[in-house]
Amino acid sequence: RAASRLAMCYMSEQNEKAMRAAVELSVSLAGKANEHPATTGVLTIAGTVMGAANNHKKALTYFEQAKSVGTKHKNMTAMIQLSEAVASHAIGKGDWDRAKEAISQASKQLKKHGSRQERDRILYARANLSLLKGKFSDAQDRFQQLSEFARRHKGMGIETRALCGLARTHLALGNYIDAEKC
């Protein structure tokens, strides 16, 4: 897992060469682990990083491998995280149908196995998808709901993301004063 986390650090630093090397190392090590349940997370991170690097074919390959391992080991937490990553990747590519499918899959999994943080991230993905599809009223409701959940549970990071999403929605609607209040 360390190599995949390192890949994410290099991604945030925009050091593509080091990022790719760290991804390849993490995938190689995961392959040697004989499909250990933890490899689901490693492959999900590899897919996320490769998607961010615009290597979508490789990202999808890693996501499929993660799905195979996660399904085999019934690692539901990792499968929820995978669905979230697939949804984010699809949103980034403008593939609304695949994003909606991944979000729906994650929502089903959440009902049985999810945590509050995972629920919040999926709600954020749903709200963001609504915003990007031009469904502003739905996005506004979802971002507002997420902001209230986060405030009640002291989830400052997700509350900040929700308020930023709400501000983006107000801007899209031309409600500049409301956007400023966020």
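Residues numbered from 1 in each chain as written. Predicted model: local features only at pLDDT ≥ 70, side-chain atom pairs only at ≥ 80, totals over all residues. Heavy atoms only, no water.

Draft legend 1. Here's a closer look at the pattern of salt bridges. Counting across every chain of the model gives seven salt bridges. With a closest N to O distance of 3.9 Å, Asp120 and Arg116 form a salt bridge. Separated by four residues within a single helix, Asp120 and Arg116 lie in helix H7 (residues 116-132), roughly one turn from each other. Arg116 sits in the partly exposed class, given a relative accessible area of 27%. A salt bridge links Asp120 to Arg119, with the nearest nitrogen and oxygen atoms 2.6 Å apart. Looking at Asp120, the relative accessible area reads 2%, which means it is buried. Overall, Arg119 belongs to the partly exposed group, its relative accessible area being 30%. In the salt-bridge network here, residues are joined through shared partners; they are Arg116, Arg119 and Asp120. (Salt bridge = Lys/Arg side-chain N within 4 Å of Asp/Glu carboxyl O. Helix = DSSP H or I, 4+ residues; strand = E, 2+ residues; numbered from the N terminus. Buried < 20%, exposed > 50% of the residue type's maximum accessible area, 1.4 Å probe, protein only.)

Draft legend 2. Region of interest: the environment of Gly41. With respect to the element layout, Gly41 can be found in helix H3 (residues 39-52). Under the relative-accessibility criterion, Gly41 is labelled partly exposed at 25%. It is 16 Å that separates the C-alpha atoms of Gly41 and His113, two residues lying 72 residues apart in sequence.

Draft legend 3. Summary view of the nonpolar core. Counting 32 residues, the largest nonpolar core has Val23 and Tyr62 as the members making the most contacts within it. Of all the secondary structure elements, the ones that give two or more residues to this core are helix H2 (16-32), H3, helix H4 (56-73), helix H5 (76-93), helix H6 (96-113) and H7. Counting residues per element, this core draws most heavily on H5, which supplies eight residues. In contact with Tyr62, other than residues within four places in its own chain, are Val23, Glu24, Val27, Leu43, Ala46, Gly47 and Met50. Judged by nonpolar contacts, the second largest core, of twelve residues, contains Ala127, Leu146, Phe149 and Leu166. (Core = buried A, V, L, I, M, F, W, Y, C linked by side-chain atoms within 4.5 Å. Contact = heavy atoms within 4.5 Å.)

Draft legend 4. Structural view of the packing of aromatic side chains. The final tally for this structure, using the stated rule, is one aromatic pair. Here the guanidinium or amino end of Arg161 rests over the ring plane of Tyr124, the centre of that ring lying 4.1 Å away. (Phe/Tyr/Trp six-rings, centres within 6.5 Å; stacked < 30°, edge-to-face > 60°. Lys NZ or Arg CZ within 6 Å of the ring centre and 35° of its normal.)

These results come straight from atomic positions and should not be treated as a statement about function.
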